[in-house]
Amino acid sequence: MATKHEQILSYIKKLEIGHKISVRQIAKALQVSEGTAYRAIKDAENQGYVSTIERVGTIRIEKKDKGNIEKLTYAEVVNVVDGQVLGGREGLYKTLNRFVIGAMKLEAMMRYVDAGGLLIVGNRDNVHEIALRAGMGVLITGGFDAEESVKKLADDLKLPLISTSYDTFTVAAKINRAIYDQLIKKEILHVSDILIPIEDTDFLYIDDKVGKWHEMNQKTTHSRYPIIDKDMKVQGIVTSKDIIGKDVSRYIEEVMTRNPMMTNPSTSVAAAAQNMIWEGIECLPVVDDDSKLLGIITRQDVLKAMQMVQQQPQVGETIEDLIEAQLTDCSKRNEELYQFDVTPQMTNYLGTLSYGVVSSIVTTVGRRVLNKQKKGDLVVENVTLYFLKPVQIESTIEIKPKILEITRRYGKVDIEMFHNGAAVSKAFLIVQFIDRY
């Protein structure tokens, strides 16, 4: 039987797109406490089914898949620009297909006015009306209001009319940043992307007997299975090690490993891989918030996914990408040497190279030098930064890594950084190599 939380989520998903939601309304409709309703609404928001807008409320929106995550809804634009909705609230859930800055004469602007877009413009009332009639939402910059007739038109057409105190340049920068951030998120591979779904997952029940494991093993050739109860909740995991020497008439519940490591669909594949590698796990149950089995991920699929991602071109630019771009390999035959220019984005509030960036430089250089010696994937197990001096903005630093030890499973690197010949940082890095077989 579904929990109250699940019942509320199911109720929200069935609501019409654009429907306004409130904690009190949900609590009354489903006869639950307001606290339970609030938690479910927040969960639905995290899953992308609803959006909360200041001074407007919470509305049901269409969940976006990864294919169109780079597009924003009007509701998201309101939040990005700290806007106020003047009209057309019923259209806030709609997704935009383009943005137009109305900083030109009306005749020239008309070439860019299309249905489904958003016109960013100042206090030009005639332009507001023309854009709405053409099927565009309107974002008024500079904190200006709109004519009452325009507000009524926005309501009638269900096209959002939004006002923000920011100027046009700031608005454009904020929207661009929001899209850019979403592009970066789009590239992050999650467990849900490689999940073997429940219908294709082999599992056992707690009241099955050891003999059932042998039947499943002969049928599937797998040796590791999640153990669930009648409510589909994961109670344990069983492997060949648990089964060896056990009587076939014993219950699985008696031999299984309880409280197994599990993951959820929103976990990044990189995080799941790191846990699987460190724990030596071949497959990991994927569960929802109530520990109900959704499927599994396997070590082999995880490694394939990570290798595939590394071969794909980057779209969004993260701090790691900036570091990679600034890092120059100046190595000679007998010496590993790298150079790095300190840019404004890499500094802290004091204008010196930040601690976090230094750690990223260490891991990036460590990866590069180890990959020269041993091709393959690796995960960082430990970074120790034991000496650090301030490095000013626009400085050029030299980085000298030295491999202390490299084995089949581990690599250890000592890394020193210098500015004008003086040591400014010393670090120690330990990585674990990923066995592909």
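This text goes with the structure placed above it.
Values in this document were obtained by computation on a predicted structure and should not be read as measured data. (Residues numbered from 1 in each chain as written. Predicted model: local features only at pLDDT ≥ 70, side-chain atom pairs only at ≥ 80, totals over all residues. Heavy atoms only, no water.)

Peer 1: Any chance you could explain the overall build of the protein chain here in plain terms?
Peer 2: Summing up its helical and strand segments, the protein chain has 16 helices and 21 strands in all. Its C-alpha radius of gyration of 28 Å places the protein chain more than 25% over the 22 Å reference for a compact globule of 437 residues. Its C-alpha atoms put the protein chain at 80 × 70 × 35 Å along the principal axes. Counting all 437 residues of the protein chain, 42% fall into the buried class. Partitioning the intrachain contacts of the protein chain with sequence separation of at least 6 by distance along the chain shows that 55% fall at a separation of at least 24. Surface summary for the protein chain: the accessible area is close to 23,200 Å², and the carbon and sulfur share equals 49%. Charged side chains in the protein chain number 56 positive and 59 negative. The centres of these two groups are separated by 1 Å. (Helix = DSSP H or I, 4+ residues; strand = E, 2+ residues; numbered from the N terminus. Rg over C-alpha atoms; globule rule 2.2 N^0.38 Å. Buried < 20%, exposed > 50% of the residue type's maximum accessible area, 1.4 Å probe, protein only. Contact = heavy atoms within 4.5 Å. Areas by Shrake-Rupley, 256 points an atom, 1.4 Å probe, with all protein chains shown as cover. Lys, Arg positive; Asp, Glu negative; His and termini not counted. Charge placed at Lys NZ, Arg CZ, Asp CG, Glu CD.)

Peer 1: Help me understand the nonpolar core, please; the structure alone is not making it clear to me.
Peer 2: Among the nonpolar cores identified, the biggest contains 39 residues, and Leu 92, Leu 119, Leu 139, Leu 161 and Ile 175 are the most heavily contacted of them. Contributing elements (two or more residues each) for this core: α4 (74-80), β4 (84-87), β6 (117-121), α6 (125-133), β7 (137-140), α7 (148-157), β8 (161-163) and α8 (168-187). Apart from the residues within four sequence positions on either side, Ile 175 is in contact with Leu 72, Val 77, Val 80, Val 81, Phe 99, Ile 120 and Leu 139. Grouped together as the second largest cluster of nonpolar side chains are 29 residues, Leu 327, Val 358, Val 424 and Val 431 included. (Core = buried A, V, L, I, M, F, W, Y, C linked by side-chain atoms within 4.5 Å.)

Peer 1: Would you take a moment to explain the sheet that holds strand β17 (residues 338-341) for this structure?
Peer 2: Two strands in a sheet stick together by hydrogen bonds in their backbones, pointing the same way (parallel) or opposite ways (antiparallel). Strand order in this open sheet of six strands is β16-β17-β19-β20-β21-β18, and the pairing throughout is antiparallel. The open sheet is flanked by β16 (327-329) and β18 (378-388), the only strands paired with a single partner. Strand-to-strand twist across the sheet, computed as the mean angle between neighbouring axes with direction ignored, equals 25°. Pairing geometry for β18 and strand β21 (residues 422-433), over nine bridges, is antiparallel. Paired with Phe 387 across the bridge in β21 is Lys 426. Most of the contacts of helix α16 (residues 355-373) go to β18, to which it runs at about 130°, and overall it touches β16, β17, β18, β19 (396-406), β20 (410-419) and β21. (Pairing = 2+ DSSP bridges. Axes fitted to C-alpha atoms, helices over the stretch in contact; angles between N-to-C directions.)

Peer 1: Before we go on, may I ask you to explain the side chain of Asp 242 in this structure?
Peer 2: Note on placement: Asp 242 falls in helix α11 (residues 240-243). Summary of buried charges: Asp 242 has no salt-bridge partner, and the nearest side chain of opposite charge, Lys 246, is 6.6 Å away. In terms of polar contacts, Asp 242 uses its side chain to reach the side chain of Thr 257, at 3.4 Å. Sequence-distant contacts of Asp 242, that is, excluding residues within four places in its chain, are made with Ile 237, Val 255 and Thr 257. (Salt bridge = Lys/Arg side-chain N within 4 Å of Asp/Glu carboxyl O. Polar contact = N/O pair within 3.5 Å; in protein donor to acceptor, adjacent residues only side chain to side chain.)

Peer 1: Hey, could you run me through the pairing of strand β3 (residues 57-60) in this one?
Peer 2: Along a regular strand, successive side chains alternate from one face of the sheet to the other. Judged from the two bridges that link them, strand β1 (residues 20-21) and β3 form a sheet pairing that is antiparallel. Looking across to β3, one finds that Lys 20 is bridged to Ile 59. Taken together, the four bridges between strand β2 (residues 50-53) and β3 define a ladder with antiparallel strand orientation. The partner of Ile 53 across the bridge, within β3, is Gly 57.

Peer 1: Could you clarify how one ought to interpret α6 in this entry?
Peer 2: In an α-helix there are 3.6 residues to a turn, and that puts residues three or four apart on one side. Considered for burial, the residues of α6 that qualify are Val 127, His 128, Ala 131 and Leu 132. One side of α6 carries all its buried residues, which in axial view fall inside an arc of 130°. In the core, the buried residues of α6 are packed alongside α5 (106-109), β6, β7 and α7. Gly 135 sits one or two positions beyond α6 and adopts a positive phi of about 95°. (Arc of directions from axis to C-beta.)

Peer 1: Sorry, what's going on with the pairing of β20 here?
Peer 2: Across eight bridges, the pairing between β19 and β20 is antiparallel. Following the sheet pairing, Glu 405 is matched in β20 by Lys 412. Connecting β19 to the antiparallel partner β20 that follows it, the hairpin turn spans three residues. Looking at chain direction, β20 and β21 are connected through 10 bridges and run antiparallel. Residue pairing in the sheet places Tyr 410 in a bridge with Gln 432 of β21.

Peer 1: Honestly, the packing of aromatic side chains in this entry has me stumped. Any pointers?
Peer 2: Each aromatic ring pair is described using two quantities: the centre-to-centre distance and the angle formed by the ring planes. The final tally for this structure, using the stated rule, is one aromatic pair. Judged by centre distance (5.7 Å) and plane angle (85°), the rings of Phe 203 and Tyr 205 are edge-to-face. Classification of Phe 203 as buried rests on a relative accessible area of 19%. The aromatic ring of Phe 433 is capped on one face by Lys 374, whose charged end is 5.2 Å from the ring centroid. (Phe/Tyr/Trp six-rings, centres within 6.5 Å; stacked < 30°, edge-to-face > 60°. Lys NZ or Arg CZ within 6 Å of the ring centre and 35° of its normal.)

Peer 1: Explanation requested: the packing of helix α2 (residues 23-30) against helix α3 (residues 34-46) in the structure shown.
Peer 2: To characterise two packed helices, one gives the angle between the axes of the helices and the distance between these axes. Their axes nearest at 8 Å, the elements α2 and α3 cross at an angle of 115°. For the element pair α2 and α3, the recorded crossing hand is right-handed. Residues Val 23, Arg 24, Ile 26 and Ala 27 of α2 lie in contact with α3, whose contacting residues are Glu 34, Ala 37, Tyr 38 and Ile 41. Taken together, the residues of the contact of α2 with α3 sort by class into six nonpolar, no polar and two charged. (Left-handed = near helix turned anticlockwise from the far one by under 90°. Nonpolar A, V, L, I, M, F, W, Y, C, P; charged D, E, K, R; others polar.)

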